[in-house]
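Fold and contact review
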Number of protein chains: 2
Amino acid sequence: MFLSTSEHTADAKNRVSVPASYREALRDDPYDAIYVLPHFDGPFLECGGEQFIQQYRMDIANLPRYDRLRKDLEVAVLGSIRRLDFDSTGRVTLPKEFIAHANIEGRCAFVGCDAHFQIWNAETQTARMQAIRSRLAERLADPAEAERMGGGTDLGALMQNSESLQALLKGEKL
Amino acid sequence: MFLSTSEHTADAKNRVSVPASYREALRDDPYDAIYVLPHFDGPFLECGGEQFIQQYRMDIANLPRYDRLRKDLEVAVLGSIRRLDFDSTGRVTLPKEFIAHANIEGRCAFVGCDAHFQIWNAETQTARMQAIRSRLAERLADPAEAERMGGGTDLGALMQNSESLQALLKGEKL
DNA sequence: TGGGATAACATGGGAATTTATGGGAAACAA
DNA sequence: TTGTTTCCCATAAATTCCCATGTTATCCCA
């Protein structure tokens, strides 16, 4: 699980340290690497580990084989994603095209989003975070939106399928 | 698994370097080679390794023996595919007909699509990628299309409660 | 609860290796 | 021969590896 936001600097060789807590989350992956997609939805990179890439592969594989959307996705997603291997100190080297796509010069922000994380130009991200947070405050003031998030699913229901949560209930330290 | 797009040059002898990461993906194949099909769907070459050719063979073999589609596919697919062996530096020599079919003169682009990859004229591919990415951004802004891809299946949620799924993913070298 | 010791982390720079690509010689076919 | 194809070697650029260093966070003990 990728959580929290942190800033790092890309050096002259376009290397950036991936936050240690993110690397920890990737510890059991088959490759010591991250998969990175210059997202077509904006100037940022969408990244993650094995789970991230498999999710995309499966979503695409589940579409009919000669479907237009599928073909587009194969090219735009799989054709754009790259696997970036960690060096011995936990850095990855960002390809020039990725740097260009996300407007990264120097500082960049890592934003955790559970199963994936994003990399943004640091200033852009700061502004964006502000905007999102206030937009959200407004939205949740609307009862309909508030119900969409919260939606009746409570912890108890989740726990039925989660061993770790059940252990928590029983008082075990995790 | 073939991922990402990269450009290479075909030299005077029609040799092109296959991206190192693709060669890595083919490492366990019985031949040090790729299978290449001048695709009937456009000016590009569809390529892959053992998995790629076997998929086509099976699709065709599964059709009724005297089926017209089957006979057509046998000719158009199996009759057109060639196996191109790597030289000692990881290049293949493209036959003239393939060069002509895909309009390759000099630069060409390799586009990874998971189990196969495509080779395009570099400029054609650049334009095409642009078009696909913006088309996709628009399409996915439509909730109905977004749902087709993603469709409610959340691998991450599944995996948290399924040891067997996790084991499956970790054991699978892709 | 300080505050020093220790470990972990982020980052810089140079060396070594890999990759992409060009060109020539040897083998082969027409 | 003449034109192709295959193999081998050379080189430049890009990438990866390795070590060094300052900084931050964590631990431990008085």
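In short, a report on the structure. (Residues numbered from 1 in each chain as written. Chains lettered and ligands numbered in written order. Predicted model: local features only at pLDDT ≥ 70, side-chain atom pairs only at ≥ 80, totals over all residues. Heavy atoms only, no water.)

What follows covers the sheet that holds strand E1 (residues 5–9) of chain A. Hydrogen bonds between backbone groups are what pair the strands of a sheet, and the pairing can be parallel or antiparallel. All names here are of chain A. Strand order in this open sheet of six strands is E1-E7-E8-E4-E3-E5, and the pairing throughout is antiparallel. Two strands in the sheet have a free side with no partner beyond their single neighbour: E1 and strand E5 (82–85). The sheet shows a mean angle of 30° between the axes of neighbouring strands, direction not considered. Two strands pair when backbone bridges link them, and strand E7 (residues 107–113) and strand E8 (residues 116–121) are joined in this way by six bridges, in the antiparallel orientation. When the sheet's bridge partners are listed, alanine 109 is paired in E8 with tryptophan 120. (Pairing = 2+ DSSP bridges. Helix = DSSP H or I, 4+ residues; strand = E, 2+ residues; numbered from the N terminus. Axes fitted to C-alpha atoms, helices over the stretch in contact; angles between N-to-C directions.)

Around DNA strand C, the structure places 26 residues, and the nearest of them are Asp11(A), Lys13(A), Arg15(A), Lys13(B) and Arg15(B). Backbone atoms, meaning sugar and phosphate, make up 48% of the atoms of DNA strand C lying within 4 Å of the protein. Between Arg91(A) and DNA strand C, the recorded distance is 2.9 Å, taken from a side-chain N or O atom to a base nitrogen. One nitrogen or oxygen atom from the side chain of Arg15(B) is found 2.7 Å from a base oxygen belonging to DNA strand C. For the surface near DNA strand C, the elements supplying multiple residues, two or more each, are E1, strand E2 (15–17) and helix H1 (20–25) of chain A together with strand E1 (5–9), strand E2 (15–17) and helix H1 (20–25) of chain B. Here the surface near DNA strand C is built from residues that sort into six nonpolar, eight polar and 12 charged. (Near = heavy atom within 4 Å. Polar contact = N/O pair within 3.5 Å; in protein donor to acceptor, adjacent residues only side chain to side chain. Nonpolar A, V, L, I, M, F, W, Y, C, P; charged D, E, K, R; others polar.)

Here the focus is the sheet that holds strand E7 (residues 107–113) of chain B. Reading across the sheet, the six strands line up as E1-E7-E8-E4-E3-E5 (chain B) and stay open at both edges, with antiparallel pairing between neighbours. Strand pairing shows two members of the sheet lacking a second neighbour, E1 and strand E5 (82–85) of chain B, which therefore form its edges. For this sheet the average axis-to-axis angle between neighbouring strands, irrespective of direction, equals 30°. Relative to E7(B), E1(B) runs antiparallel, the two sharing five bridges. Looking at the pairing, Glu7(B) lines up with Ala109(B) of E7(B). The sheet contacts of helix H3 (residues 68–78) of chain A involve E7 and strand E8 (116–121) of chain B, and relative to E7(B) the element is tilted by about 110°. (Contact = heavy atoms within 4.5 Å.)

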